Amino acid sequence: MSSVTEIVYEQQVADGIQDMALQDQDKKKIQEEIHEPSFGNHGGCCAICLNEIPLQETAMVKGCEHTYCVTCILRWASYKESPTCPQCKHPFGFLSVHRALDGSIEDFLFEESVCLLLRASWFKPLDVVEQASYSYGYHDDFDIPCDYEDEDADLDEFYMHGSRLRIGNRRWGDNGFVRSGRQEARPVQKHSGSSSSSSSGSSSCEPKDKQVKSANTTGRRAKRAMKREAANKAAEVASAAKHEAHLELLVTSPRGSFSSSLAVATPLRHPSETPAELVDPAVKGTLNVLNSCTKSSSVKRVVVTSSMAAVAYNGKPRTPDVTVDETWFSDPELCESTKMWYVLSKTLAEDAAWKFAKEKGLDIVTINPAMVIGPLLQPTLNTSAAAILNFINGAKTFANASFGWVNVKDVANAHIQAFEIPSANGRHCMVEKVAHHSEVVNTIRELYPNLQLPERCADENPYVPTYQVSNEKTKSLGIDYIPLKVSIKETVESLREKGFIDF
């Protein structure tokens, strides 16, 4: 009997020890759970990813109080330029979150800018891959053919109907991730004009407003690119028109109206061969600007853009052993008798500028460039670049003429240096090289062997000789001329970029 009692007692002791051990284990688990950094769940479901929202990932939209996962709503915000709530379309720019920009978790909600949250170290943007579409009649994804005639069609409509942007079995659409099962089960078959049987078979279930048009129009992206290009060209034309209006204002406005103008130039164009179109605007415009500068105490120097046309046309011979320098002046009587109205306009305008400066005590510096070529800034074609274009556009012959050539970037640099260097004074002839048209054509042929260029001169007379132009004054400005070959190449490439030539 005693042995039985001892056995029962030992069994009870063993059971008690086991219960105590289990209790100790439960206590340890409770302590571990207390110290474990768990935040639990928000208790709601994210309308974007359709999962429960972890408490530390909670993000509340300011204004409508709808709650999402912070990563989901930030990805949604990065999808649009002006983000709106996926459920109520309320625009928002701030979110109430637990997670700070540095990744730390706060035990309270605080407002933070969406712009800053998108740049947080812990945020990972959505990597969307555009899958190739296959024309098998039926598609693996929901597809309703759309005709994007409106270039500014809403992007949401594009992503919902015309794109293959998917993550798993979900599509990124108007309301976040949208499952497409029911829509995939009823695909819409595309039709061709020749398959009348298939077209009639599926026309009953396809809406009439979403029938596929037989005419295949240009793609949406190509249309947008074409529209942007057209808008850029329109902006360039508007800018050029504004510049022309400003030049017109210089001529027609009363003297003293332009206190901030520092330079003036007559562009090398020949709208008509009359002095009224070239000579009068050049002289009056120059004097208007200079008179305005005398009324401003802040103007210390005026840089006038003149031309080699005001230097070299005086009847003196120009041969290879002759050097033209800043002491040369074109003869107005010679220009008028030969009806060189552009040369006359530049000559009279510069002469009027020097006389006015001497009378008013104004410090002026003139820049006298030759044929200015190089990259085109304006959308229109000027006469200097047109000379190069004429060689490329199928001209049969080239003129028997020799001109000085200079790069537009060197001319611009000379204006800056003439304005900033205190010792700059007087006139500055700008010619990198005097070359006959035949040499220019040969240079283009060397650069572009496949172009059809003129082979002979327009007349049988000996080539007009070249001459030298002094560069001592431009050396004082620190000008290191760009070679003529480089300038010609830049001109041709710019003409191609602007759409004047295509080869």
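Here we summarise the structure given alongside this text. All values reported here derive from a predicted model rather than from experimental measurement.

Helix and strand counts for the protein stand at 15 helices and 19 strands. In the protein, which comprises 503 residues, the share counted as buried stands at 39%. Taking contacts inside the protein between residues at least 6 apart in sequence as the whole, the part at least 24 apart equals 67%. Summing over all exposed atoms, the protein offers an accessible surface of approximately 29100 Å²; the carbon and sulfur share of this is 53%.

Strand order in the open sheet formed by three strands is 13-15-17, and the pairing between neighbours is mixed. Each having just a single partner strand, strand 13 (371-373) and strand 17 (433-436) make up the two edges of the open sheet. Between one strand axis and the next, the sheet turns by 45° as a mean value, whatever way the strands run. In this structure, strand 15 (residues 402-407) lies alongside strand 17, joined through four bridges in antiparallel fashion. Across the sheet, Ser-402 pairs through a bridge with His-436, a residue of strand 17. Together, strand 13 and strand 15 form the strand contacts of helix 12 (residues 408-420), whose direction differs from that of strand 15 by roughly 65°.

To continue, consider helix 10 (residues 341-360). Compared with an ideal rise of 1.5 Å per residue, which puts 20 residues at 28 Å, helix 10 spans 28 Å between its outermost C-alpha atoms and is within 8% of the ideal. Just downstream of helix 10, Gly-361 is the residue with a positive phi angle, here 70°.

Turning our attention to the packing of helix 13 (residues 437-447) against helix 15 (residues 484-497). Closest axis-to-axis distance for the helix 13/helix 15 pair is 10 Å, and the angle between their directions is 70°. As summarised for this structure, helix 13 and helix 15 are arranged roughly perpendicular, according to the angle between their axes. The chirality of how helix 13 crosses helix 15 is right-handed. Along its contact with helix 13, which presents Val-440, Thr-443, Ile-444, Glu-446 and Leu-447, the element helix 15 presents Lys-485, Ile-488 and Lys-489. For the contact of helix 13 with helix 15, a count of residues per class yields four nonpolar, one polar and three charged.

What follows is about unusual backbone geometry. Backbone geometry places Glu-65, a non-glycine residue, at a positive phi of 65°. Position of Glu-65 among the secondary structure elements: in the loop between strand 3 (58-61) and strand 4 (67-69). The backbone of Lys-339 sits at a positive phi, close to 60°, despite the residue not being glycine. Take Lys-339: it is sitting in the loop between helix 9 (332-337) and helix 10. For Lys-339, a relative accessible area of 59% corresponds to the exposed category.

This part is about the pairing of strand 16 (residues 426-430). The buried count for strand 16 comes to five of five residues, which makes it a mostly enclosed element. Taken together, the five bridges between strand 12 (residues 364-369) and strand 16 define a ladder with parallel strand orientation. Looking at strand 16, one finds that Thr-366 is bridged to Arg-427.

Below, the discussion takes up the packing of aromatic side chains. This structure, assessed with the given rule, holds two aromatic pairs. Ring geometry for Phe-108 against Phe-110: centres 6.2 Å apart, planes inclined by 65°, an arrangement best described as edge-to-face. Between Phe-398 and Tyr-463, the aromatic rings sit 6.4 Å apart at their centres with planes inclined by 65°, giving edge-to-face as the arrangement. Of this pair, Phe-398 sits in strand 14 (residues 397-398) while Tyr-463 sits in the loop between strand 18 (456-457) and strand 19 (468-469), and the two are 65 residues apart along the sequence. Overall, the relative accessible area of 44% leaves Tyr-463 in the partly exposed class. Positioned above the aromatic ring of Phe-94, the side-chain terminus of Lys-62 is 5.2 Å from the ring centre. The ring of Trp-122 carries the charged tip of Arg-99 above its face, separated from the ring centre by 5.4 Å.

As used here, a disulfide is simply a covalent bond connecting the sulfur atoms of two cysteines. In the structure shown here, the tally under the stated rule is zero disulfides. Its sulfur unpaired, Cys-85 is 3.7 Å from the next cysteine sulfur, which belongs to Cys-64. Free of any disulfide, Cys-88 has its nearest cysteine sulfur in Cys-64, 3.7 Å distant.

What follows concerns the side chain of Thr-84. Checked against the element boundaries, Thr-84 lands in the loop between helix 2 (70-79) and strand 5 (94-99). For Thr-84, a relative accessible area of 17% corresponds to the buried category. Excluding residues that lie within four positions of it along the chain, Thr-84 makes contacts with Trp-76, Lys-89, His-90, Pro-91 and Phe-92.

The next thing to look at is the sheet that holds strand 3. Here we have four strands laid out as an open sheet, ordered 4-3-5-6, and antiparallel in their pairing. The open sheet terminates on both sides in strands that have one partner only, identified here as strand 4 and strand 6 (105-113). Averaged over all adjacent pairs, the angle separating strand axes in this sheet is 30°, with direction ignored. Note that strand 3 and strand 5 share three bridges and pair antiparallel. Across the sheet, Val-61 pairs through a bridge with Leu-95, a residue of strand 5. Relative to strand 4, helix 2 is tilted by about 95°, and along the sheet it contacts strand 3, strand 4 and strand 5.

With that settled, the discussion passes to the pairing of strand 5. Most of strand 5 is tucked away, with five of its six residues classed as buried. With five bridges joining them, strand 5 and strand 6 adopt antiparallel strand pairing. Directly across from Val-97, in strand 6, lies its bridge partner Phe-110. Counting the residues in the hairpin turn of strand 5 and strand 6 gives five residues, including Gly-103, whose phi is positive at 100°.

An ideal rise of 1.5 Å per residue puts 20 Å on 14 residues; helix 15 measures up with 20 Å between its terminal C-alpha atoms. Looking only at helix 15, the buried set comprises Leu-484, Ser-487, Ile-488, Thr-491, Val-492, Ser-494 and Leu-495. The arc enclosing the buried residues of helix 15, seen along the axis, measures out at 165°, which places them on a common side. Lining the buried residues of helix 15 we find strand 13, helix 11 (383-392), strand 15, strand 17 and helix 13. Two residues or fewer past helix 15, Gly-499 is found with a positive phi of approximately 90°.

Rules of the game
- Along each chain, the written sequence defines residue order, and numbers are assigned to residues from 1.
- Where totals are concerned, whole chains, interfaces and linings use all residues; where local detail is concerned, this predicted model gives features only for residues with pLDDT of at least 70, and gives and counts side-chain atom pairs only at 80 or more.
- Based on all heavy atoms of the structure, the side-chain values leave hydrogens and waters out of the count.
- Labels follow the DSSP assignment, with helices taken as runs of H or I lasting at least four residues and strands as runs of E lasting at least two, numbered in each case from the N terminus.
- Each residue gets one of three labels from its accessible area relative to the maximum for its type: buried under 20%, exposed over 50%, partly exposed in between, using a 1.4 Å probe on protein chains only.
- Residues are treated as being in contact if the distance between any of their heavy atoms lies within 4.5 Å.
- For the area figures, the Shrake-Rupley method with a 1.4 Å probe applies, and any residue is considered shielded solely by the protein chains shown.
- Note on pairing: two strands pair once DSSP finds at least 2 bridges between them.
- To get an axis, fit a line to the C-alpha atoms, keeping to the stretch in contact for a helix; angles then go from 0 to 180 degrees between the N-to-C directions.
- What a helix is expected to span follows from its residue count: subtract one and scale by 1.5 Å.
- By the definition adopted for this analysis, an angle is roughly parallel if under 35 degrees, roughly antiparallel if over 145, roughly perpendicular if from 65 to 115, and oblique otherwise.
- Two helices crossing with the near one rotated counterclockwise from the far one by less than a right angle form a left-handed crossing, whereas a clockwise rotation gives a right-handed crossing.
- Charged means Asp, Glu, Lys or Arg here, nonpolar means Ala, Val, Leu, Ile, Met, Phe, Trp, Tyr, Cys or Pro, and polar covers whatever is left, Gly included.
- Only Phe, Tyr and Trp rings take part, Trp by its six-membered ring, and two of them pair if their centres are within 6.5 Å. Stacked means planes under 30 degrees apart, edge-to-face means over 60, and tilted covers everything else.
- Should the NZ of a Lys or the CZ of an Arg lie within 6 Å of a ring centre and within 35 degrees of the ring normal, that charge is described as sitting over the ring.
- For this text, the term disulfide refers to a pair of cysteine sulfurs within 2.5 Å.
- In this description, one arc is meant: the one made by directions from the helix axis to the C-beta atoms.

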